[in-house]
Amino acid sequence: MSFCVLVLFSGCTIVSGIETYLKPPRLSEQHEQIYNALINAEGSKISLKYPKSGSFLSAFVVANIDDEPTDEAIVFYEKTNLTGSDLSTLRINFLDQVNGKWNSVYDFATEGTEVERVFISKLGASDITNIIIGISSQTEKTAELFFYDGKTKPEPKSLGNYSVMDVTDINGDLENELIMISSGPSGNTAQLKWLDADSTMVSGPVLELTENTADIVQLIYGKINNDTTAVYLDSYINTNTIITEILCSDTYNNTIYLKSATASNSDSEQINKTIRKSSLLSRDIDNDGIIEIPINTVFKGYEEKPETEQIPMTNWYVFEDNLFVKKYSSYYSITDGYAFMLPDKWIDKVTVKSTNDDITFCSYDEKEENQRELIKICVANSSEAEEIMQGTEYKHYVQIHSYGDTVYLVCIPETYSDPLALTESELLFYFKIIL
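Residues numbered from 1 in each chain as written. Predicted model: local features only at pLDDT ≥ 70, side-chain atom pairs only at ≥ 80, totals over all residues. Heavy atoms only, no water.

A. Geometry of the layout of surface pockets. In this structure, the largest pocket encloses a volume near 510 Å³. As for the largest pocket, its lining consists of 21 residues, and the residues nearest its centre are Lys-277, Asn-296, Gln-310, Ile-311 and Pro-312. When residues of the lining of the largest pocket are traced back to their parent elements, those giving at least two are β21 (293-298), β22 (312-320) and β23 (323-333). Grouping the constituent residues of the lining of the largest pocket by class yields 9 nonpolar, 8 polar and 4 charged. (1 Å grid on protein atoms, 1.4 Å probe; cavity = no way out; pocket = protein on both sides within 12 Å on 5 of 7 lines; lining within 4 Å. Points joined across faces, edges and corners; volume = space filled by probe spheres on them. Helix = DSSP H or I, 4+ residues; strand = E, 2+ residues; numbered from the N terminus. Nonpolar A, V, L, I, M, F, W, Y, C, P; charged D, E, K, R; others polar.)

Here is the structure:
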C-alpha cells in the first residue's frame, strides 16, 4: 500500500463537533464504523473538522487510494483534551480495513487550525495516488508532503509557503501538476510541482508575477491561443481593486514551467487594462471555454453625472493574440446574479434606467422624454412575479430563469414596435445567469 499526503496551511477558525454531525443528518453506517475506530484509538474527547471547499466536504475521506480491494480513510478532527506532548489541536488520522474492520494506522498533529481543501490525485509520471490536504492557520500557509506505504510511519517533508494551490493537467500531457501560488513582500510567485516516475518531487522554475499584487481572489482556467489551457489569476492590488494575470505552460529541457501570457511587470499597458473593482471577477459567461474579464464604463447619458448616480456598463474582454479584446457589452447585476448582453444593434443606441430595482432598457436620446422603452428586467420572488404577470402595464412577459424562490422576468411594453426590438428567442439568448 502506498500513498502520499500534501498538507497546506491558510485561513481562519471554525469549530464543529461530533454532536452536530450526529443530530440529523446522522453519520452514515460506514462513517459511524470509522468514527468508532478513531475513538477506540484516540479517545472520545474529539470533535470532527470539515474541509471548507472543494469536492470533499466531509470530515471523513474514504477512497481506494492504493488500488487494493479495500478502501482507506482519512479523518480530520480536534483533540479537546490536549496534553503537554500534543503539538496542535487539529489532527489527521489514517485508517485501513483488516478483515472488514476499520483500524487506525497513523495519527498526525498539524500546525494549522482548519482543513481548507482535499484532493485525491496522481501527480506527474508517478503511479502513486496522492492525498492533498489544505490546512490553514492564522499566521502562515505552508505545505508538507507525506509518503505512506502502510508499513512505516511517514515523515513529513516541507514544500514551503504558499497562498493558493490547485491540481490540473496544465500542459495537456495527461499528467497532473500541482500549481502553487505564493505571496511575498513584493508580490506573488507561481510554481509547478509534480512527481517523476520514481515518485521524487520535482519543482519547476519560480515565476515572478505582477508586482505589488497581494492576496489571490480566485484561480480559474480557460483557453487561449488555439486551445492552450491558461491559468487566470484575479489578484488584489489594494483593498477594493483587482488585476488579472494570465499564465500558461511551456517546456524547456523536459521541464514544465509557467510563464506569463500577459506581462511580467505592473507597467504593462495590457495587464493594466484589467484593473477594476474587486467585485468584478473573471468568468466564462458564455460557456465556450474562454474566460471573459469584466471592465466597467458607464451607459450613455451618465458620463457627466456624479458617480453615485451613474449606471455602469460592463464590457467583457478576452485575451486574443496578446491583446485584450472587447467581446461583449452588458448590464451586469452582481446582486441579482445576471447579465443582459447588448445586441450589436443596441451598441451606442441604448441606455438604461433603474426604477424600484427594475432595469429598463431604452433607446437613447439626449432628451430623456424622447427615449423609447424597449424591455424591463424584473427580479422578484415567486409571489411578486405572479403580480407582475397579472398586471396591465405589460402585454406579456418571458420568464427567463428561476433559482429557489427568485424569478427572473423580461417584461415587454404593450406598444412594442421598434427597430431596436428583440424577439423572445433573442431575449433568451442575450440573458445570462451569473450566480
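B. Main features of the sheet that holds β22. Sheet architecture is open: 5 strands sit in the order β21-β22-β23-β24-β30, paired in antiparallel fashion. Either end of the sheet is taken by a strand with one partner, and the two such strands are β21 and β30 (431-433). Geometrically, the sheet is characterised by an average inter-axis angle of 40 degrees between neighbouring strands, direction not taken into account. Examined bridge by bridge, β21 and β22 share 6 bridges and lie antiparallel to one another. Pairing of Ile-295 across the sheet is with Asn-315, part of β22. (Pairing = 2+ DSSP bridges. Axes fitted to C-alpha atoms, helices over the stretch in contact; angles between N-to-C directions.)

C. Representation of the side chain of Asp-166 in the model. By the secondary structure assignment, Asp-166 is in strand β11 (residues 164-168). Of the buried charged residues, Asp-166 lacks a salt bridge, with Arg-117 as the closest side chain of opposite charge at 4.2 Å. Once you skip the residues sitting within four places of it in the chain, Asp-166 turns out to touch Arg-117, Phe-119, Glu-177, Leu-178, Ile-179, Leu-219 and Tyr-221. (Buried < 20%, exposed > 50% of the residue type's maximum accessible area, 1.4 Å probe, protein only. Lys, Arg positive; Asp, Glu negative; His and termini not counted. Salt bridge = Lys/Arg side-chain N within 4 Å of Asp/Glu carboxyl O. Contact = heavy atoms within 4.5 Å.)

D. The arrangement of the confidence of the model for the protein in detail. Taken as a whole, the protein shows an average pLDDT of 85; of its residues, 89% reach a score of 70 or greater. Low pLDDT, under 50, characterises residues 1-24; the stretch is placed with 116 contacts to residues that sit more than four places away or in other chains. (pLDDT = per-residue confidence, 0-100.)

E. Summary view of unusual backbone geometry. The residue Asn-99 is not glycine, and still its phi comes out positive at about 55 degrees. Mapped onto the elements, Asn-99 comes out in the loop between β5 (90-98) and β6 (101-109). Positive phi, close to 50 degrees, is recorded for Asp-321, a residue that is not glycine. You can see Asp-321 is positioned in the loop between β22 and β23.

F. Focus on the pairing of β22. Judged from the 7 bridges that link them, β22 and β23 form a sheet pairing that is antiparallel. Its bridge partner being in β23, Trp-316 is matched across the sheet by Tyr-328. Once β22 ends, the chain turns through 2 residues before running back antiparallel as β23, passing Asp-321 with a positive phi of about 50 degrees.

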